[in-house]
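Examination of the molecular architecture
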Amino acid sequence: MNTLIIFSLLVVLMLTGMPISISLGLTVLTYLFTMTNVPIESVALKLFTGIEKFEIMAVPFFILAGNFLTHGGVARRIIHFATTMIGHWYGGLGLAGVLACAMFAAISGSSVATVVAVGSIILPAMTKQGYPKEFGAGVITTSGALGILFPPSINLVMFSIATAGMSATGPHGEVVGTASVGQLFMAGVVPGVCLSVLLGLTTWHRAKKRNYPRMERATWGERFKAFRESFWGLMLIVVVIGGIYSGKFTPTEAAAVAAVYAFVIAVFVYKDMRLRDVPKVLLKAAAMSSMLLYIITNAVLFSFLMASEQIPQTMAAWMTSQGFGVVVFLLLVNLILLGAGNFMDPSAIVLIMAPILYPVAAKLGVDPVHLGILMAVNMEVGLCHPPVGLNLYVASGITKMGITELTVAVWPWLLTMLGFLLVVTYWPGLSLALPRALGLVV
């Protein structure tokens, strides 16, 4: 009954058009003031202790790094390199878009930044070459979502923050640990590569079937020159992932290094950004960071309410008493997350649902790292379908296409993503293979 009241109140507030962060905070305060005896002082204490996490600092730093790269010429150089490598295949420029999105996503960690940076350059080029506008929009809208899966994904950082410090027991009563940022980053690599390949195959198949234009094959000299020009941008992947895995710095320290590195290459190496443009980038990054941090703050309160009312534990007990196994639970998780993706921002979904699903998943024997990647793939799908798919709105602004028209255009790639979601859901080894090989997961 308590669960029904809490979520009904949250949904009603969101349906009024109220921002998700304020809806979360009002839901918590309304419930605490009217239906519990929890001292309000404990709420204030939890509010400050809940966000006093070193990992949260990674969020603004990764956002700042992504903003420097988006405003610099890194995306343009990566697109040129991708085009020289695979532009001569069927749908070459579309395939170059998929590859460029994958590489830029692995640098910026943001899906929206990837769509803006890659889409604004490659979509006009595709139209000029004779590709239908719908084809290019479908490629970039869905491939841009790779930013949620590839490290340094901000959403994976959010999942780790949302579950940090929580306690859960496994199917045999053993204590189950939470997923660290490093584990989640490594777990996202193999699924990210696999999804990139699948989106590329979809692009190639449709281009070959309709005989879309192909580019001239680039010489190895041209490819080497393009790689040399994009080298400093691509090195950010090595700096972040290599630094974390080698133990040189933590994921949060990696985020700070990434921000400084992105600033240096944008201003002093590539010189695409002037020093007088830096304050504008800093302000934009601060605005994005404050929005996410405000959501995190209210999500911490919501998690506190869930824990104080024992809602996750009650759900776990109910599911096990009903005989629901892992297969049914994971199916329900997908349905819930896909449904939530129709109305909510990915960051908000992760921060609300992760603390609820994590104890239930642990009780049924689902690895928390696998759960984190499963949620990330669901969020990718949510970015690409209406009514609130952020990638749809960003791509709509670039292509000047209506949301309905764009929704039809992305369906072939969206079906590919849904098929991949089933694979990730019921094949945990795909997500856990690399972390296990590196000794990060038992």
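The name that an unreviewed UniProt entry assigns to the protein is TRAP transporter large permease protein, with the source organism given as Roseateles aquatilis. Within the UniProt record for the protein, the comment given under Sequence similarities (unreviewed entry) is "Belongs to the TRAP transporter large permease family." In UniProt, the protein has this text filed under Subunit (unreviewed entry): "The complex comprises the extracytoplasmic solute receptor protein and the two transmembrane proteins."

The number of helices and strands found in the protein is 21 helices and two strands. On the principal axes, the C-alpha backbone points of the protein span a range of 70 × 45 × 45 Å. Taking all 442 residues of the protein together, 54% fall into the buried category. Counted over contacts in the protein with a minimum sequence separation of 6, partners at least 24 positions apart contribute 79%. In the protein, the 24 positive side-chain charges and the 16 negative ones have mean positions that sit 13 Å from each other.

Across the interface, helix α7 (residues 111–129) lies against helix α19 (residues 390–399) with an axial gap of 10 Å and an inter-helix angle of 25 degrees. With respect to each other, α7 and α19 are oriented roughly parallel. Handedness of the crossing formed by α7 with α19: right-handed. Along its contact with α7, which presents S111, V112, V115, V116, G119, S120 and L123, the element α19 presents L390, N391, V394, A395, I398 and T399. Considering only residue class, the contact of α7 with α19 consists of eight nonpolar, five polar and no charged.

Next up on the list: the packing of aromatic side chains. Evaluated as defined, the whole model comprises 10 aromatic pairs. Ring geometry for F231 against W232: centres 5.3 Å apart, planes inclined by 75 degrees, an arrangement best described as edge-to-face. Residue W232 is classed as partly exposed on the basis of its relative accessible area, which comes to 40%. Judged by centre distance (5.7 Å) and plane angle (85 degrees), the rings of F263 and F268 are edge-to-face. Taking the relative accessible area as the measure of exposure, F263 reaches 23% and is therefore partly exposed. Among the residues examined, F268 registers a relative accessible area of 47% and is labelled partly exposed. An aromatic cluster of at least three residues, connected via ring pairs, comprises F81, F227, F231 and W232.

What follows concerns the state of the cysteines. In total, this model carries zero disulfides according to the counting rule given. For the unlinked cysteine C101, the closest cysteine sulfur is that of C384, found at 10 Å. Residue classification places C101 among the buried positions, given a relative accessible area of 0%. C194 carries a free sulfur, and the closest cysteine sulfur to it, the one in C101, is 18 Å from it. Judged by its relative accessible area of 27%, C194 falls in the partly exposed class.

The next point concerns the environment of V176. In this structure, V176 sits in strand β2 (residues 175–176). Considered as a pair, V176 and M166 are 10 residues apart in the sequence and their alpha carbons are 9.5 Å apart. Once you skip the residues sitting within four places of it in the chain, V176 turns out to touch A168, T169, G170, Y358, A362 and P368.

Once that is clear, we can look at the pattern of salt bridges. Scanning all chains against the criterion turns up three salt bridges. For R77, the salt bridge goes to D272, with nearest N and O atoms at 2.7 Å. Here R77, found in helix α5 (residues 74–86), pairs with D272, found in the loop between α13 (251–269) and α14 (278–308); they are 195 residues apart in sequence, far enough to count as distant. On the basis of relative accessibility, which here comes to 31%, the residue D272 falls in the partly exposed class. Taking the shortest distance from any N to any O, the salt bridge between D277 and R274 comes out at 3.4 Å. The class for R274 is partly exposed, based on a relative accessible area of 47%. Beyond isolated ion pairs, a larger network of salt bridges with shared partners links R76, R77 and D272.

Taken N-terminus to C-terminus, the directions of α7 and helix α8 (residues 133–143) make an angle of 160 degrees; their axes are 10 Å apart at the nearest point. As the angle between them shows, α7 and α8 are arranged roughly antiparallel. Seen along the crossing, α7 lies across α8 with a hand that is right-handed. In this structure, α7 contributes V115, V118, G119, I122, L123 and M126 to the contact, and α8 contributes F135, G136, A137, I140 and T141.

Conventions and cut-offs
Residues numbered from 1 in each chain as written. Predicted model: local features only at pLDDT ≥ 70, side-chain atom pairs only at ≥ 80, totals over all residues. Heavy atoms only, no water. UniProt positions renumbered as here; feature names shortened; annotations may be inferred. Helix = DSSP H or I, 4+ residues; strand = E, 2+ residues; numbered from the N terminus. Buried < 20%, exposed > 50% of the residue type's maximum accessible area, 1.4 Å probe, protein only. Contact = heavy atoms within 4.5 Å. Lys, Arg positive; Asp, Glu negative; His and termini not counted. Charge placed at Lys NZ, Arg CZ, Asp CG, Glu CD. Axes fitted to C-alpha atoms, helices over the stretch in contact; angles between N-to-C directions. Parallel < 35°, antiparallel > 145°, perpendicular 65-115°, else oblique. Left-handed = near helix turned anticlockwise from the far one by under 90°. Nonpolar A, V, L, I, M, F, W, Y, C, P; charged D, E, K, R; others polar. Phe/Tyr/Trp six-rings, centres within 6.5 Å; stacked < 30°, edge-to-face > 60°. Disulfide = S-S within 2.5 Å. Salt bridge = Lys/Arg side-chain N within 4 Å of Asp/Glu carboxyl O.

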